[in-house]
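# Examining the three-dimensional arrangement
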Amino acid sequence: MAVQTGFSFVQLFSINWEMFTVLFVIVGMGQISNYVVAFILGTEILGKSVRIIYSTLGVCTFFAIGYMVLPLFAYFIRDWRMLLLALTTPGVLCVPLWWFIPESPRWLISQRRFREAEAIIRKAAKMNKISAPAVIFEPMELQELNSMKQQKVFILDLFRTWNIATITIMSLLLWMLTSVGYFGLSLDVPNLHGDPYLNCFLSALVEIPAYIIAWLLLRTFPRRYIIAGVLFLGGGMLLLIQLVPAEYYFLSVGLVMFGKFGVTSAFSMLYVFTAELFPTPVRNMAVGITSMASRVGSIIAPYFVYLGAYDRLLPYIVMGSLTVLIGIVTLFFPESFGVTLPETLEQMQKVKGFRCGKKSRTSMDREENPKVLITAF
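Bear in mind the structure is a predicted one, so any value in this text is a computation, not a measurement.

### A look at the nonpolar core
The nonpolar side chains of soluble globular proteins are, as a tendency, buried together. Of all hydrophobic cores here, the largest spans 51 residues; its most connected members are Ile-227, Met-269, Phe-278 and Phe-333. Elements that contribute at least two residues to this core include exactly helix 2 (17-45), helix 3 (48-76), helix 8 (162-187), helix 9 (196-205), helix 10 (207-220), helix 11 (223-240), helix 12 (249-277) and helix 13 (280-306). Per-element accounting of this core gives the leading share, ten residues, to helix 12. In contact with Ile-227, not counting residues within four places along its chain, are Ala-266, Met-269, Leu-270, Phe-273 and Thr-330.

### Some thoughts on the pattern of salt bridges
Under the definition given, this model contains seven salt bridges. Among the salt bridges present, the one from Asp-157 reaches Arg-160, with a minimum N-O distance of 3.0 Å. Overall, Arg-160 belongs to the partly exposed group, its relative accessible area being 41%. Via salt bridges that share partners, Asp-157, Arg-160 and Glu-346 belong to a single interconnected network.

### Concerning the packing of helix 11 against helix 12
To characterise two packed helices, one gives the angle between the axes of the helices and the distance between these axes. Running from amino to carboxyl end, helix 11 crosses helix 12 at an angle of 155 degrees, the nearest separation of the two axes being 8 Å. With respect to helix 12, the element helix 11 is oriented roughly antiparallel. Remark: the crossing between helix 11 and helix 12 carries left-handed chirality. Residues that form the contact of helix 11 with helix 12 fall into these classes: 17 nonpolar, four polar and three charged.

### Structural notes on the side chain of Thr-290
Following the sequence through the fold, Thr-290 ends up in helix 13. A polar contact of 2.8 Å, which involves the side chain of Thr-290, links it to the backbone oxygen of Ala-286. Among the polar contacts listed, one links the side chain of Thr-290 to the backbone oxygen of Val-287, at a separation of 3.0 Å. Residues in contact with Thr-290, not counting those within four places in the same chain, are Ser-171, Leu-172, Trp-175 and Thr-274.

### Side note on helix 1 (residues 2-11)
The periodicity of an α-helix, 3.6 residues per turn, causes residues three or four places apart in sequence to face the same way. When we look at burial in helix 1, the residues that qualify are Thr-5, Ser-8 and Gln-11. The buried side chains of helix 1 occupy one side of the element, clustering within an arc of 120 degrees when seen end-on. For helix 1, the elements touching its buried residues are helix 2 and helix 4 (80-88).

### Digging into the packing of aromatic side chains
Tallied over the full model, the rule gives 14 aromatic pairs. A ring pair is formed by Phe-20 and Phe-24, whose centres lie 5.8 Å apart and whose planes are at 10 degrees; its orientation type is stacked. Remark: Phe-24 and Phe-20 occur in helix 2; sequence separation between them is four residues, near one turn of the helix. Where Trp-175 meets Tyr-271, the ring centres are 4.7 Å apart and the plane angle is 80 degrees; that geometry is what we call edge-to-face. Of this pair, Trp-175 sits in helix 8 while Tyr-271 sits in helix 12, placing them 96 residues apart in sequence. Given the relative accessible area of 0%, Trp-175 is considered buried. Cluster of aromatic residues (ring-pair linked, three or more members): Trp-175, Tyr-182, Phe-183, Phe-267 and Tyr-271. The ring centre of Tyr-75 lies 5.1 Å from the NZ or CZ of Arg-78, which sits over that ring.

Scoring rules and cut-offs
Residues numbered from 1 in each chain as written. Predicted model: local features only at pLDDT ≥ 70, side-chain atom pairs only at ≥ 80, totals over all residues. Heavy atoms only, no water. Core = buried A, V, L, I, M, F, W, Y, C linked by side-chain atoms within 4.5 Å. Buried < 20%, exposed > 50% of the residue type's maximum accessible area, 1.4 Å probe, protein only. Helix = DSSP H or I, 4+ residues; strand = E, 2+ residues; numbered from the N terminus. Contact = heavy atoms within 4.5 Å. Salt bridge = Lys/Arg side-chain N within 4 Å of Asp/Glu carboxyl O. Axes fitted to C-alpha atoms, helices over the stretch in contact; angles between N-to-C directions. Parallel < 35°, antiparallel > 145°, perpendicular 65-115°, else oblique. Left-handed = near helix turned anticlockwise from the far one by under 90°. Nonpolar A, V, L, I, M, F, W, Y, C, P; charged D, E, K, R; others polar. Polar contact = N/O pair within 3.5 Å; in protein donor to acceptor, adjacent residues only side chain to side chain. Arc of directions from axis to C-beta. Phe/Tyr/Trp six-rings, centres within 6.5 Å; stacked < 30°, edge-to-face > 60°. Lys NZ or Arg CZ within 6 Å of the ring centre and 35° of its normal.

From the geometry alone we can't say anything about function, so treat these as descriptive.
This is how it looks when you write it as structure tokens:
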């Protein structure tokens, strides 16, 4: 947060475009790091039901609210320095959070820091006004965990076996192509008919119901089917635009907003889905590398928008086709719905195609009686 806010303030004193751009890259690095770390921390520290609300209605909804504020500020503040100052100042309010947000008990346990993890769990129980067990970690469990060799993980561990590598590569493609659709439609807003500030506001506004639908779907249905479903919806709406006569611009704008709705809903589910697929030691790394892939998608997204210089429908045809394609790929992921978060690389599920397969009795017992107790805040 200090990197993002601090360098944003430095940007105010940029004397040329080159300086502004370099500082903007550093600000972007801080911003995405904040977003990913905050998401992972909430995922690991909260209980299952609260985790889904936090990941969709929490993180993503407030992102959409910030997105909606942007065109409002830009409409009334036309000087770029004053606009940047207005958008940067709220970051200072996040500084005190350092002293209030606890560390992840899951991560502390993976680092063999059991006393700190137990203290956080007991504090959580006290805040929730419930009685914590007298013994949270049984001596036998602590002995077993201490006797196990602590995993040293590196980025190459995401490609250690064929199964893990397949899941990682599929995740990278899913994030990148979904990002192409999301940022491509966001950047294409000025090319739509009507006022660009209003269109930008509507593009942000449509994300609110998208996140609400994502939350409702995540509570009930298998992850890969609902993600594929909303991707098919978004891609299908974009492909339908080519059938709309040019004079019916309002219908084209409506289809674009429906397409943005589907892609946005899928994007918000990716954080939950990826966090559930990968185990604790590499979860932050996995979400980080897939989020990096989405940044690659955001980098190439403007070039899809530029295709409109050759044909106004070409961007929608290409983005719609890629969105439908990655929706099909999503169906080949393993299912994470109703499964306990994996703690080791060996506990990662297998790629099973369209069938999830039946769980073994041992696997079901492990899910029903996990060894590690994590109390929700």
